[in-house]
Amino acid sequence: MPAHIAGTLHATPAPVWLPYPDDVNALLPSLWSDNVMKNSDGVLTIAGHPVTELAEQYGTPTLVMDVDDFRSRAETYLSTFSNAFSVEKGLAGADVFYAGKAFLCTAVARWVHDAGLGLDTCSLGEMMIARAAGVPGDRVGLHGNNKSAAELEYALDYGVSRIFVDSLDEVARLESIAAARGTVAPVMLRVTVGVEAHTHDFIATAHEDQKFGLSLADGTAAAAARLVAESEHLRLDGLHSHIGSQIFDISGFQVAAARVLAFRAEIMGEHGIDLPDVDLGGGFGIRYTSQDTPIPVAEMAEELASVVAKECRGLGTSVPRISIEPGRAIVSPAVFTLYEVGTVKQVSTDSGPRTYVAVDGGMSDNIRTALYDADYSCTLANRNSSAEPAIVRVVGKHCESGDIIVRDEYMGADVTAGDLVAVPTTGAYCRSLSNNYNHLPRPGVLAVEADRVEWIVTPEDHTQMFATDPGMAGGGEPN
């Protein structure tokens with residue numbers, strides 16, 4: 001058995017980064033939203049509401065959002081980047097566009113707009129949500145590597161402020177649609193800058209083998225710039241770069257910014273046009289577990305501002321207005337998922353015992369562990385435990401051995417059926433990627449404030465789930 005600082009009795013299959021807890025009931029504050037805490041009985045509360053009451057009234061599994069935390073993070077990104085890129089500091093200002101792919105519904109779109117952020121979309125459905133929420137078209141951008149004619153037509157009718165062109169095919173398609181409407185489409189080119197970003201490292205070599213972007217290395221980006229600059233129905237407003245997700249090293253962003261700005265200078269010199277905007281994308285890392293070390297927002301903003309100012313001085317160009325696209329970094333820490341335990345079993349491993357805790361959800365509401373090898377934390381949410389800490393693996397109820405939600409975490413060894421387990425930082429991609437595997441309905445999203453609790457996405461029921469199966473019309477058991 002592996003050695004452990006607390007002695008061999010504590011030797012378990014725990015990963016080396018997972019510390020043995022001083023208090024298995026305590027929360028690690030950096031993993032939870034601002035208004036989440038535990039009361040003296042060990043019950044998790046959010047904005048003063050005990051999760052035991054939420055579970056009884058609204059059911060499980062449920063994604064639970066701290067609304068004030070979400071709003072605060074959105075406002076912090078905008079104020080921090082606006083200050084770092086202010087005109088007073090010799091720069092041209094900054095915009096923050098919330099990446100709707102992380103999680104989007106009409107309530108979130110309204111909150112984002114109220115906070116002064118724009119909204120990035122990547123499909124017709126996401127644009128429809130933005131429009132229904134009252135977000136003006138000029139505060140919306142459209143991403144996507146294979147935009148349909150219907151999506152481009154809708155974007156032009158909606159009046160979106162930026163269409164991120166991703167291929168030479170799209171240049172021709174968009175020009176044809178804009179010409180038929182007698183309008184000029186606002187274009188930003190998504191450029192592949194040759195920076196492959198990882199959690200703590202980046203490789204400064206061309207990352208060409210992917211579906212996104214126009215390559216700098218092979219001249220495709222330059223060809224697209226020429227086509228757009230010469231078009232009567234396309235207006236080249238700027239460049240876009242996105243180097244990855246869940247990034248903890250600012251170096252990748254710095255290299256990408258320098259390469260985008262250099263390409264911008266080439267375009268302006270060759271075509272005699274100004275490119276007022278540069279979008280440096282998103283991908284800012286967050287803390288899912290105690291091993292993660294995200295870059296503070298203020299540090300990120302100041303470092304990027306310094307790079308932009310330095311590069312533009314060296315290139316002898318004007319300074320563009322900068323955009324960023326945080327999604328996960330705003331919504332993920334504001335949400336946790338609440339589950340009920342159904343089955344607990346202990347298994348033996350070569351390095352010690354492990355407790356499997358099966359809950360009433362799984363890869364249908366959080367596929368990220370299976371899909372991305374993601375790590376999560378968790379806590380017993382309905383009571384204090386007086387038992388010794390034990391390594392648990394929180395798993396779902398699906399017929400897959402990879403149906404894992406939390407791979408490794410310490411909980412009290414007395415966890416049992418009927419207990420509640422809460423998993424933090426599930427706001428990004430969990431509901432967006434949710435599915436009906438094994439015909440489980442998708443969970444809802446519950447928005448919680450001190451004086452209000454309401455669904456912003458209602459939980460799916462079996463009737464809704466079976467609506468697409470003609471053979472189930474009027475059939476099946478009631479929910």
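Everything numeric here is computed off the predicted structure, so don't read it as measured data.

### A closer look at the UniProt feature "binding site: substrate" (unreviewed entry) in the chain
Here is step 1 of the chain: UniProt's feature table lists "binding site: substrate" (unreviewed entry) at R328, R368, Y372, E400 and Y429, given in the numbering used throughout. The annotated residues occupy 102 residues of the chain and do not converge on a single region, their most distant C-alpha atoms lying 26.7 Å apart.
Here is step 2 of the chain: Its location among the elements puts Y372 in helix α11 (residues 368–372).
Here is step 3 of the chain: By secondary structure assignment, the location of E400 is in the loop between β19 (389–395) and β20 (404–412).
Here is step 4 of the chain: Its relative accessible area of 39% is what places E400 among the partly exposed residues.

### Re the pairing of strand β9 (residues 185–192)
Here is step 1 of the chain: In terms of burial, β9 is largely enclosed, as eight of its eight residues are buried.
Here is step 2 of the chain: Side chains of β9 alternate between two faces, with A185, V187, L189 and V191 and P186, M188, R190 and T192 buried alike.
Here is step 3 of the chain: Examined bridge by bridge, strand β8 (residues 162–165) and β9 share three bridges and lie parallel to one another. Counted as the bridge partner of V165 is L189 from β9.
Here is step 4 of the chain: Taking the sense of rotation as the criterion, the β-α-β connection linking β8, helix α6 (residues 168–181) and β9 turns out right-handed.
Here is step 5 of the chain: Note: β9 against strand β13 (residues 234–240), six bridges, orientation parallel. Across the sheet, R190 pairs through a bridge with H240, a residue of β13.
Here is step 6 of the chain: Sheet topology places β9 next to strand β12 (residues 214–215); two bridges connect them, and they run parallel. Within β12, the position partnered with T192 by the bridge is S215.

### Describing the pairing of strand β16 (residues 335–349)
Here is step 1 of the chain: Bridge count for strand β4 (residues 62–66) against β16 is four bridges, and the pairing is antiparallel. Of the residues in β16, the one forming a bridge with T62 is L338.
Here is step 2 of the chain: As judged from the five bridges shared by β16 and strand β21 (residues 420–424), these two strands associate in the antiparallel manner. From the neighbouring strand, F336 faces β21, where its bridge partner is P424.
Here is step 3 of the chain: Looking at chain direction, β16 and strand β17 (residues 352–359) are connected through eight bridges and run antiparallel. Note on β17: the bridge partner recorded for T343 is A358.

### Overview of α6
Here is step 1 of the chain: Its 14 residues give α6 an end-to-end C-alpha distance of 20 Å, which sits within 8% of 20 Å, the value for a rise of 1.5 Å per residue.
Here is step 2 of the chain: Contact partners of the buried residues in α6: α5 (149–158), β8, β9, α7 (220–229) and β13.
Here is step 3 of the chain: One or two residues past the end of α6 sits G182, with phi positive at roughly 65°.

### So, the nonpolar core
Here is step 1 of the chain: Core analysis: the largest hydrophobic core is formed by 114 residues, its most contacted members being Y98, V108 and L189.
Here is step 2 of the chain: Looking at which element gives the most residues to this core, the answer is helix α8 (residues 250–271), with nine residues.
Here is step 3 of the chain: Once residues within four sequence positions are removed from consideration, L189 is found in contact with V165, L214, A221, A224, A225, V228, L236, G238, L239 and H240.
Here is step 4 of the chain: By size, the runner-up hydrophobic cluster in this structure holds 18 residues, among which are L44, I46, L338 and V448.

The rules behind each value
Residues numbered from 1 in each chain as written. Predicted model: local features only at pLDDT ≥ 70, side-chain atom pairs only at ≥ 80, totals over all residues. Heavy atoms only, no water. UniProt positions renumbered as here; feature names shortened; annotations may be inferred. Helix = DSSP H or I, 4+ residues; strand = E, 2+ residues; numbered from the N terminus. Buried < 20%, exposed > 50% of the residue type's maximum accessible area, 1.4 Å probe, protein only. Pairing = 2+ DSSP bridges. Right-handed = clockwise from strand over helix to strand, strands pointing away. Expected span 1.5 Å × (residues − 1). Contact = heavy atoms within 4.5 Å. Core = buried A, V, L, I, M, F, W, Y, C linked by side-chain atoms within 4.5 Å.

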